[in-house]
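Single-letter residue listing:
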Amino acid sequence: MMHDTVTLDVRPPEPRAEGALVSVIIPLAAHEAVPEALLAMLPKTFEVVLARGGTRASSMNHAASVARGRHLWFVHADTTLGADAVPQLLLRLQEPRAAVRYFDLRFDGGALMRLTEGGVSFRSRVIGLPFGDQALCLPAATFHALGGYDETAAHGEDHQLVRDARRAGLAIQPVGATITTSARKYRDKGWFRTTFLHLRLTLLQSLRAS
């Protein structure tokens, strides 16, 4: 994999340890600001890797290749963590069975976004297909065994990783905590248009993967 367009900012855990339990990987666009509010919510005992540039898939793969944590936690920069997010995640990571874990999702928008949240819950808990904005977390060894994110995919590299994990026999499990993400895309492009586009792309990818 080529990562020459990706730059990394690696922030080791404090106190410095021989391998962090969790490496938090945050992909950033080329000129996107460092998400200081999100960083302030993370424990100092977590390693943080900010990956800037490239595609989302290539930036996350590059970050994962240098991360030292036993678990990789992929978090979008516009994420706000609930008070129980980290404690619940750490509780789940004590379970012996390897799994892809995800968070329930809340949007910072109005009434229509409550419908979207219901759809996200159905897609994740019933269909077993959480998306990347739900802060996926899985063992580093498992991520590398699956081959990481597909850098050739035009979109939906997160869905593909979840499908690959399911084919490999991994459980897809909710953490049992909620995170909040931005509804900016829905406000900018319109709720109906954005929802239709997401449904269409997910269906097309599901058909290609079947």
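Use the structure listed above.
Definitions and limits used
- Residues numbered from 1 in each chain as written.
- Predicted model: local features only at pLDDT ≥ 70, side-chain atom pairs only at ≥ 80, totals over all residues.
- Heavy atoms only, no water.
- Helix = DSSP H or I, 4+ residues; strand = E, 2+ residues; numbered from the N terminus.
- Rg over C-alpha atoms; globule rule 2.2 N^0.38 Å.
- Areas by Shrake-Rupley, 256 points an atom, 1.4 Å probe, with all protein chains shown as cover.
- Lys, Arg positive; Asp, Glu negative; His and termini not counted.
- Charge placed at Lys NZ, Arg CZ, Asp CG, Glu CD.
- Buried < 20%, exposed > 50% of the residue type's maximum accessible area, 1.4 Å probe, protein only.
- Polar contact = N/O pair within 3.5 Å; in protein donor to acceptor, adjacent residues only side chain to side chain.
- Contact = heavy atoms within 4.5 Å.
- Patch = residues over 30% accessible without salt bridge, like charges linked within 9 Å, V, L, I, M, F, W, Y side chains within 5 Å.
- Salt bridge = Lys/Arg side-chain N within 4 Å of Asp/Glu carboxyl O.
- Phe/Tyr/Trp six-rings, centres within 6.5 Å; stacked < 30°, edge-to-face > 60°.
- Lys NZ or Arg CZ within 6 Å of the ring centre and 35° of its normal.
- Core = buried A, V, L, I, M, F, W, Y, C linked by side-chain atoms within 4.5 Å.
- Arc of directions from axis to C-beta.

**Remarks on the overall build of the protein**
Tallying secondary structure elements over the protein gives eight helices and eight strands in all. Against the 2.2 N^0.38 benchmark of 17 Å for 210 residues, the protein shows a C-alpha radius of gyration of 16 Å, consistent with a compact globule. In terms of overall dimensions, the protein has C-alpha extents of about 45 × 35 × 35 Å along its principal axes. Split by element, the accessible area of the protein, about 10,500 Å² in all, is 58% carbon and sulfur. Here the protein contributes 24 positive and 20 negative side-chain charges, whose respective centroids are spaced 5 Å apart.

**Concerning the side chain of T79**
Within the fold, T79 resides in the loop between β4 (71-74) and β5 (80-81). Note on T79: relative accessible area 3%, which makes it buried. Reaching out from T79, the side chain makes a polar contact with the backbone oxygen of H76 at a distance of 2.9 Å. Non-local contacts of T79, meaning those with residues more than four positions away in its chain, are made with L38, I179 and T180.

**Some remarks on a nonpolar patch on the surface**
A contiguous nonpolar surface patch, about 340 Å² in accessible area, is contributed by L112, L115 and F192. One can find L112 in helix α4 (residues 111-125). The class for L112 is partly exposed, based on a relative accessible area of 36%.

**A word on unusual backbone geometry**
Of note, A135 is a non-glycine position whose phi angle comes to about 55°, a positive value. Tracing the chain through its elements places A135 in the loop between α4 and β7 (137-139).

**A few points about the packing of aromatic side chains**
In total, this model carries five aromatic pairs according to the counting rule given. With a centroid separation of 6.3 Å and 80° between ring planes, the pair formed by F46 and W73 is classed as edge-to-face. Highlighted residues: F46 in the loop between α1 (36-41) and β3 (47-52) and W73 in strand β4, separated in sequence by 27 residues. W73 carries the same exposure label as F46, and that label is buried. Through a chain of ring-to-ring contacts, three or more aromatic side chains come together here, namely F46, W73 and F103. The side chain of R123 reaches across the aromatic face of F131, ending 3.5 Å from its centre.

**A look at the nonpolar core**
Residues V24, I26, W73, L81 and F103 are the most contacted members of the largest nonpolar core, which totals 31 residues. Elements represented by at least two residues in this core include exactly β2 (22-28), α1, β3, α3 (85-93), β6 (99-107), α4 and β8 (171-181). Ignoring any residue separated from it by four or fewer positions in sequence, one finds V24 in contact with L42, F46, E47, V48, V49, W73 and V75. Residues V6, M60, A140 and V162 belong to the second largest nonpolar core, which totals 26 residues.

**A look at α3**
Among all positions in α3, only A85, V86, L89 and L93 are buried. In a view along the axis of α3, the buried residues occupy a sector of 90°, so they form one face of it.

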